[in-house]
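Structural overview
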Amino acid sequence: METRGILQKPKMSFWQIWNMSFGFLGIQFGFALQTGFASRILQTFGADTGNLSWFWLAAPLTGMIIQPIIGHYSDGTWNRFGRRKPYFLTGAILSGFALLILPNSSLLVAIIPPIVVGAGIFMMMDASFNVAMEPFRALVADNLPESQYSTGFSTQTFLIGIGAVAGSLLPYVFAEYFHISKTAEPGHVPANLLYSFYIGAAVLIGSILWTVIRTKEYSPEEHAKFHEEELVAVSPKKTGFGQIITDMANMPKTMKQLGFVQFFSWFALFTMWVFTTPALAEHIYHVKPGDTSSVAYNNAGNWVGVLFGIYNGISAIYALLLPKIAKATSRKIAHAFSLTMGGLGLISIWFITDPNWLVLSMIGIGLAWGSILSMPYAILSSSIPAKKMGVYMGIFNFFITFPQIVSSLIGSIIVKHLFNAHSVYAIIMAGVFMLLAAISVLYVKDSKNTPAKNIPVIETA
């Protein structure tokens, strides 16, 4: 249980909270481009559907390694640039560079195969997103008094939704409304996708700079006034990696119990991100395997962006309603209901033949996504001490990255050999795992059956 200092932090105005959270709009803009279109780009460069999930292995591996390290060191970093700001500014610059390079990997074909460049830049992109995201999560808790947590994280949720929707829809908007080419020569990325990644890089860096310039962080002396318990706490003998291991061994029991829920949830999400484009292209648009340059394939890819924008928009709105739903039931029931809707939404894709009806599937997925971004952290939040906020958020990321690694390692094998390269069955499998997550959350021991005053909303790469 977190111990509060005697002196409370001063309240922030709405616009101060908005400026502090604004960087998340850019991070989510870039993350939406990654989750919605990375598979399409990698397929364009020659990745086989049966091996697609292996290229995505870079994402969870970098997150597992980087987030606890960044969280640990940002907890103890104070310099003239701030405590958290140096980290997420560095991550933003590197992420922007990766967004510019990934769709242009084919330009280096004379030197290195584009699929090799693409996979390497994809790893760099995800590592950079993790560097930017981890300290950003702790910034809100650092600056806000507890009475404003709900306002702070709700504002963050709204900006997350705007960024995700904009990033997901932009390629479709460029193609359909500005008539920018949505097809290209085999081995090259269409112009509508290229321009979307360029704008994504600019938005990401610009929004982070806005937060860096417009937001003040507390100095060590100011921070100590609000958390006096840290002044009398015994200093740990271990530092660096050794302290991270110690903190991991002493993680709250609730975190361990939530591990099963997170495993099933994120296995399902990762599988959906990897295989949605080839699944819809083959199952609904009747594209032949290996075809990545036809109009039908690119129509499927653009529509996936629209669908991902829809579920992100629904999740943003739904996250604002979750505290009321949890109050009327409980946090566990609210999360179980949301995950069930997500599982049914994924499974329903098998029965749909008209792409327009996929919007209904996205409603269920959006409910699950909104809850996944909030409820596990609401259940966990009371067990994390303020002085360990960064490192424990990073350690909790293990329960997000591990299922993604498992999905990366076995997903392609299952699709290739068990499903005979039919990606739509992977989407059904994801729906089953989401239903298993809904069941497992009922076995988590929540210290409160009513929602906490603060329900953080946290996005991860």
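Analysis parameters
Residues numbered from 1 in each chain as written. Predicted model: local features only at pLDDT ≥ 70, side-chain atom pairs only at ≥ 80, totals over all residues. Heavy atoms only, no water. pLDDT = per-residue confidence, 0-100. Contact = heavy atoms within 4.5 Å. Helix = DSSP H or I, 4+ residues; strand = E, 2+ residues; numbered from the N terminus. Polar contact = N/O pair within 3.5 Å; in protein donor to acceptor, adjacent residues only side chain to side chain. Core = buried A, V, L, I, M, F, W, Y, C linked by side-chain atoms within 4.5 Å. Buried < 20%, exposed > 50% of the residue type's maximum accessible area, 1.4 Å probe, protein only. Salt bridge = Lys/Arg side-chain N within 4 Å of Asp/Glu carboxyl O.

1. With respect to the confidence of the model for the chain
Per-residue confidence for the chain gives a mean pLDDT of 80; residues scoring 70 or more make up 79%. Predicted confidence for residues 1-5 stays below pLDDT 50, and this span has 16 contacts to residues more than four positions away or in other chains. Low pLDDT, under 50, characterises residues 231-237; the stretch is placed with 3 contacts to residues that sit more than four places away or in other chains.

2. Re the side chain of Thr211
Following the sequence through the fold, Thr211 ends up in helix α8 (residues 191-214). A distance of 2.8 Å separates the side chain of Thr211 from the backbone oxygen of Asn19, its partner in a polar contact.

3. Thoughts on the nonpolar core
Judged by nonpolar contacts, the single largest core of 98 residues is most densely connected at Phe197 and Trp273. If you tally residues by element for this core, the top one is helix α12 (residues 253-283), at 15 residues. Setting aside anything within four residues of it in sequence, one finds Phe197 in contact with Leu33, Phe37, Ile41, Leu99, Leu102, Pro103 and Met125. Counting residues in each nonpolar core, the second largest holds 7 residues, with Tyr318, Ala334, Leu367 and Ala378 among its members.

4. A look at unusual backbone geometry
Its identity as a non-glycine residue notwithstanding, His179 has a phi of 55 degrees, on the positive side. Although it is not a glycine, His286 adopts a positive phi angle of roughly 55 degrees. Following the sequence through the fold, His286 ends up in the loop between α12 and α13 (295-328). According to the relative accessible area criterion, His286 is exposed, its value standing at 65%.

5. A look at the pattern of salt bridges
Taken as a whole and assessed by the stated rule, the structure comprises 1 salt bridge. Of the charged contacts, one joins Glu176 and Lys182 as a salt bridge, the two residues approaching to 3.3 Å between their closest N and O atoms. Exposure remark for Lys182: the relative accessible area of 21% places this residue in the partly exposed category.

6. What about the environment of Ser348?
In this fold, Ser348 is placed in helix α14 (residues 331-348). Its relative accessible area of 22% is what places Ser348 among the partly exposed residues. For the pair Ser348 and Leu360, spaced 12 residues apart in the sequence, the C-alpha separation amounts to 8.7 Å. Separated by 2.6 Å, the side chain of Ser348 and the backbone oxygen of Gly345 make a polar contact.

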